[in-house]
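# Residue-level structural notes
What follows is the residue order along each chain.
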Amino acid sequence: AFETLCDNGLRAMNIKEYRLAASYLAKAVELEPENEKARSFLAEAYLNGNEMEKALPLLQEIAQQHPDNIKLQLSIAQSAAHLDEWNIMLQASLNAESMEPGNPTAKYLKGLAFHGMKDEEKAVGAFTETIELEPSYSPAYIMRSRALTAQEKFDEAEADIDAVLGRTDGVSANVVKFRSKS
């Protein structure tokens, strides 16, 4: 029964039927709660099915057994973001960053956590670190622009949007729209 449930769960995941996959895999985990593969696949089904409230505690359990797994820490941070669990997100991103200090995703997620906590200064710092590591990381520019806007640093925020848009004339698309309506 366990193998059949797992096989059906994986087949459902292959055709992107994540809720169906989760139902099969949850039953498999009930039968063999210590089976790491089944639990990992269940967490993946929850993540892909956007069931973050179920994914997060399962990922945290798995991470206790594998504290040095950066992918788990990044998944925890991402699922925590969907649930506005900023402290959990920050801790997971810091854990990932400590495992791989040059990981731009870890730094970006750290910035998102700070932004969610309304600590815009630290958010700007984390997004800047992300951009320094990977200059083409557009979401970091966008989020840094948001954090700068929250600090009322509008010229710097506009420069980040210009960077994303590839503009060099100093006039962002939003400013052009605004000015054309006047």
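Up top is the structure.
The model shown is predicted, which means the values in this text are computed figures rather than measured ones. (Residues numbered from 1 in each chain as written. Predicted model: local features only at pLDDT ≥ 70, side-chain atom pairs only at ≥ 80, totals over all residues. Heavy atoms only, no water.)

Here we take up the nonpolar core. In terms of nonpolar packing, the biggest core is built from 50 residues, with Leu42, Met89, Tyr108, Leu109 and Leu112 touching the most fellow members. By residue number, the principal contributor to this core is helix 5 (residues 70-82), which donates 7 residues. With near-sequence residues (within four places) excluded, Leu42 lies in contact with Ala22, Leu25, Ala26, Val29 and Leu58. (Core = buried A, V, L, I, M, F, W, Y, C linked by side-chain atoms within 4.5 Å. Buried < 20%, exposed > 50% of the residue type's maximum accessible area, 1.4 Å probe, protein only. Helix = DSSP H or I, 4+ residues; strand = E, 2+ residues; numbered from the N terminus. Contact = heavy atoms within 4.5 Å.)

A separate point is helix 6 (residues 86-99). Over its 14 residues, helix 6 runs 20 Å from end to end, which matches the ideal 20 Å to within 8%, given 1.5 Å per residue. The set of residues buried in helix 6 consists of Met89, Leu90, Ala92, Ser93, Ala96 and Glu97. Buried-residue contacts for helix 6 involve helix 5, helix 7 (104-116) and helix 8 (120-133). (Expected span 1.5 Å × (residues − 1).)

One way to put it is that helix 1 (residues 2-14) packs onto helix 2 (residues 18-31) with a least axis distance of 8 Å and a crossing angle of 160 degrees. On the basis of their axis angle, the class for helix 1 and helix 2 is roughly antiparallel. Every pair of crossing elements has a handedness; the one defined by helix 1 and helix 2 is left-handed. For the pair helix 1 and helix 2, the contacting residues are Phe2, Leu5, Cys6, Asn8, Gly9, Ala12 and Met13 in the first and Tyr18, Leu20, Ala21, Tyr24, Leu25, Lys27, Ala28 and Leu31 in the second. Class assignment of the residues belonging to the contact of helix 1 with helix 2 gives a composition of 12 nonpolar, 2 polar and 1 charged. (Axes fitted to C-alpha atoms, helices over the stretch in contact; angles between N-to-C directions. Parallel < 35°, antiparallel > 145°, perpendicular 65-115°, else oblique. Left-handed = near helix turned anticlockwise from the far one by under 90°. Nonpolar A, V, L, I, M, F, W, Y, C, P; charged D, E, K, R; others polar.)

Glancing now at the pattern of salt bridges. Taken as a whole and judged by the stated rule, the model has 9 salt bridges. Across the salt bridge formed by Lys107 and Glu97, the nearest N and O atoms sit 2.4 Å from each other. Within this pair, whereas Lys107 is found in helix 7, its partner Glu97 is found in helix 6, the two being separated by 10 residues in sequence. Residue classification places Lys107 among the buried residues on the basis of a relative accessible area of 11%. For Glu97, a relative accessible area of 12% translates into the label buried. A single network of salt bridges, built from pairs that share partners, joins Glu97, Lys107, Lys110 and Glu129. (Salt bridge = Lys/Arg side-chain N within 4 Å of Asp/Glu carboxyl O.)

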